[in-house]
Amino acid sequence: MHSKNNTELLEITDINKLKELRDSYRRNTSSWSQHCVGYYCLDNYIRWKEREPTIKHLKIYTLNDCYRSEGLYIIVDRYQLFVGSLRQEEQNENLVKALQLLDWSGGLKVSSILECHRHSVLEVVNTKQLKLEYDSLTLMYFMTSEKAKTLVIDCPKGYYVKPLTAKDDAPIVDNHWPNRHQGSLFLINRLIEWNVNMGVYVENTDELVAWCLRLQGGFLGALQVKDSHKRLGLGSVVTRAISLALAESGSDVMALVNEENRPSRGMFEKLGFSVIARCYWLRTFPIQSHYQWPSGE
């Protein structure tokens, strides 16, 4: 990694520098409720790069040496964008500068960003005169690993819990996902293969009926129960199972829930999760109206 001036977008390829950046989010434990988002997002991509050093369509950037002074990072993973900074104020000029230098022409899904960083993203969206497909608020639910270790799965009779299998289960998860989109099957395959996940299956038929994945940002996601098996508590079962698995690996548990989704909010609160922050999802339309993400990439 090298620099020429203070407005240069630089790619971080050195795994040790990425670990240094990740660990900067651990230094101030009093702000862990805000900094855990950056920590677990970076930790996810460090694990991925240790597994597969040359991941296609993955770039991790910073602005000059802001990764040391501010913990600033921008991750472009295919069409998804993750951003973070130890500076929590809305007016973050370095984050704005970095975002301005990105190529937004294909459209970007700005994923699970803390509310404090939303202003910087919207400033760039407005400056570049980009059109938004959506700008959605979610509540961040959190449980420490110590607390998650006390969860009991308690699967109902006639069902069992185990990790998902990409070959068999990814198409099912993708077909039932309300957020299914061009490129989502590739994403779900990768999440199943590379991240912690759990599914609930019918004992007699081995049918997958409920599931939950861990997204790139470290949050639980794609939590779903088939309509034919709802109202049996299987959403709670699979949430407890994946939370326990994450806790046993040393991770705290985070989830994002739409503010209006009262049933999901009630389930997380009943399990003992607490709301500690607000996060947003934004997606910009491609500048070229007919652009689609390449199939299978």
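All of these numbers come straight from a predicted model, not from anything done at the bench. (Residues numbered from 1 in each chain as written. Predicted model: local features only at pLDDT ≥ 70, side-chain atom pairs only at ≥ 80, totals over all residues. Heavy atoms only, no water.)

So, about the pattern of salt bridges. Taken as a whole and judged by the stated rule, the model has 16 salt bridges. The salt bridge partner of Glu70 is Arg87, with a shortest N-O separation of 3.6 Å. Of this pair, Glu70 sits in the loop between helix H3 (66–69) and strand S3 (73–77) while Arg87 is found in the loop between strand S4 (80–84) and helix H4 (93–100), placing the two residues 17 residues apart along the sequence. We classify Glu70 as buried; its relative accessible area is 11%. Given a relative accessible area of 17%, Arg87 falls into the buried group. (Salt bridge = Lys/Arg side-chain N within 4 Å of Asp/Glu carboxyl O. Helix = DSSP H or I, 4+ residues; strand = E, 2+ residues; numbered from the N terminus. Buried < 20%, exposed > 50% of the residue type's maximum accessible area, 1.4 Å probe, protein only.)

On to the packing of H4 against helix H5 (residues 115–127). Orientation of H4 relative to H5, taken along the N-to-C sense of each, is 40°, at an axis distance of 9 Å. In this view, H4 runs oblique relative to H5, as classed from their interaxial angle. Considering how the two elements wind past one another, H4 and H5 form a crossing that is right-handed. Between H4 and H5, the residues in contact are Leu95, Val96, Leu99 and Gln100 and His117, Ser120, Val121, Glu123, Val124 and Thr127, respectively. (Axes fitted to C-alpha atoms, helices over the stretch in contact; angles between N-to-C directions. Parallel < 35°, antiparallel > 145°, perpendicular 65-115°, else oblique. Left-handed = near helix turned anticlockwise from the far one by under 90°. Contact = heavy atoms within 4.5 Å.)

With that settled, the discussion passes to the domain arrangement of the protein chain. Reports often express the size of an interface as the amount of accessible area lost when the parts come together. For the protein chain, the domain assignment lists domain 1 (9–139 + 280–284) and domain 2 (145–251). Each of domain 1 and domain 2 was reduced to a C-alpha centroid, and the two centroids are 26 Å apart. For the pairing of domain 1 and domain 2, the buried interface totals around 1,600 Å² over both sides, and the portion due to carbon and sulfur atoms is 52%. Its largest share of buried area at the contact with domain 2, domain 1 owes to Tyr40, Trp48 and Arg78, together 34% of the area lost on that side. For the pair domain 1 and domain 2, the number of links is 1 salt bridge. A salt bridge links Arg190 to Asp77; the shortest N-O distance between them is 4.0 Å. Counting residues per element, the ones that place at least two in the side of domain 1 that touches domain 2 are helix H2 (32–51), S4, strand S5 (109–114) and strand S12 (274–284). (Domains from an automatic or database assignment. Buried area = accessible area lost by both parts, 1.4 Å probe.)

The subject of this paragraph is helix H7 (residues 166–176). When H7 is considered as a whole, its buried residues turn out to be Ala166, Asp169, Ala170, Val173 and Asp174. One face of H7 carries all of its buried residues, which in axial projection span an arc of 135°. Buried residues along H7 sit against helix H8 (184–194), strand S8 (197–202) and strand S9 (208–214). (Arc of directions from axis to C-beta.)

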